[in-house]
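# Descriptive structure summary
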Amino acid sequence: MKPIFVQLQCVPGKTYEVADAIYKAEIVSELYSTSGEYDLLIKVYIEEGQDIGKFVNQYISSVPGVVRSLTTMTFTAF
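None of these values were measured; they are calculated from a predicted model. The numbering scheme is per chain: residues are counted from 1 as the chain's sequence reads. Local features in a predicted model are, by the rule used here, given only for residues with pLDDT of at least 70; side-chain atom pairs are given and counted only at 80 or more, and totals for whole chains, interfaces and linings are based on all residues. Calculation of side-chain values draws on the structure's entire complement of heavy atoms; hydrogens and water are dropped beforehand.

### Looking at the environment of I27
Think of it this way: any DSSP run of H or I at least four residues long counts as a helix, any run of E at least two long counts as a strand, and we number them from the N terminus. In this structure, I27 sits in strand β2 (residues 26-32). Any residue under 20% of the maximum accessible area for its type is buried, any over 50% is exposed, and the rest in between are partly exposed; the area is computed with a 1.4 Å probe on protein chains only. For I27, a relative accessible area of 36% puts it in the partly exposed group.

See below:
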């Protein structure tokens, strides 16, 4: 398993519901944006070799309260 970090825009007041709905998500940061939505940075774990884009589309983008997924970042330990 490897960690990926996904930044989301969420409906106001729904950040914790969104994070709870995503399997094994950890909230890294929450920031209120000027658009009136909340930006949420979460860390989730995926299988090695799993396609990140498909994972985000299948398990994160469709969660109620998510406006859109902005960025996905991966980090490799060295």
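Read on, since the account is not over.
### A few points about the pattern of salt bridges
A carboxyl oxygen of Asp or Glu within 4 Å of a side-chain nitrogen of Lys or Arg is what we treat as a salt bridge. Under the counting rule described, the total for this entry stands at 2 salt bridges. Of the charged contacts in the structure, one is a salt bridge between E17 and K14, with a shortest N-O distance of 3.4 Å. Among the salt bridges present, the one from K43 reaches E26, with a minimum N-O distance of 3.7 Å. One end of the pair, K43, is in strand β3 (residues 38-46); the other, E26, is in strand β2, and 17 residues separate them in sequence. The buried category is assigned to K43, whose relative accessible area is 18%. Of the residues examined, E26 reaches a relative accessible area of 38% and is grouped as partly exposed.

### What to know about unusual backbone geometry
Even without being glycine, K24 reaches a positive phi, approximately 55 degrees. The exposure class assigned to K24 is exposed, which follows from its relative accessible area of 54%.

### A word on the nonpolar core
Counting 16 residues, the largest nonpolar core has L8, V18, I22, I42 and I60 as its most contacted members. Looking at this core, the elements with two or more residues in it are β1 (2-10), α1 (15-21), β3 and α2 (52-59). Residues grouped as a nonpolar core are buried Ala, Val, Leu, Ile, Met, Phe, Trp, Tyr and Cys residues, joined through side-chain atoms within 4.5 Å.

### Describing the environment of L40
Along the chain, L40 falls in strand β3. A sequence separation of 21 residues divides L40 from A19, and the C-alpha atoms of the two residues are 8.6 Å apart.

### Section: the confidence of the model for the chain
pLDDT expresses, on a scale from 0 to 100, how confident the predictor is about each individual residue. Residues of the chain with pLDDT of at least 70 account for 79%, and the chain-wide mean is 80. Within the chain, strand β4 (residues 66-74) has the poorest average pLDDT of any element, 73, and α1 the best, 87.

### A short note on the packing of aromatic side chains
In summary, the pairing rule links any two rings of Phe, Tyr or Trp, Trp by its six-membered ring, whose centres are within 6.5 Å, and it sorts them by plane angle into stacked for under 30 degrees, edge-to-face for over 60 and tilted for everything else. Scanning the entire structure with this criterion turns up 1 aromatic pair. Their ring planes at 45 degrees and their centres at 5.1 Å tell us that F55 and Y59 sit as a pair that is tilted. Remark: Y59 and F55 occur in helix α2; sequence separation between them is 4 residues, near one turn of the helix. Accessibility expressed as a relative area gives 10% for F55, which makes it buried. Among the residues examined, Y59 registers a relative accessible area of 43% and is labelled partly exposed.

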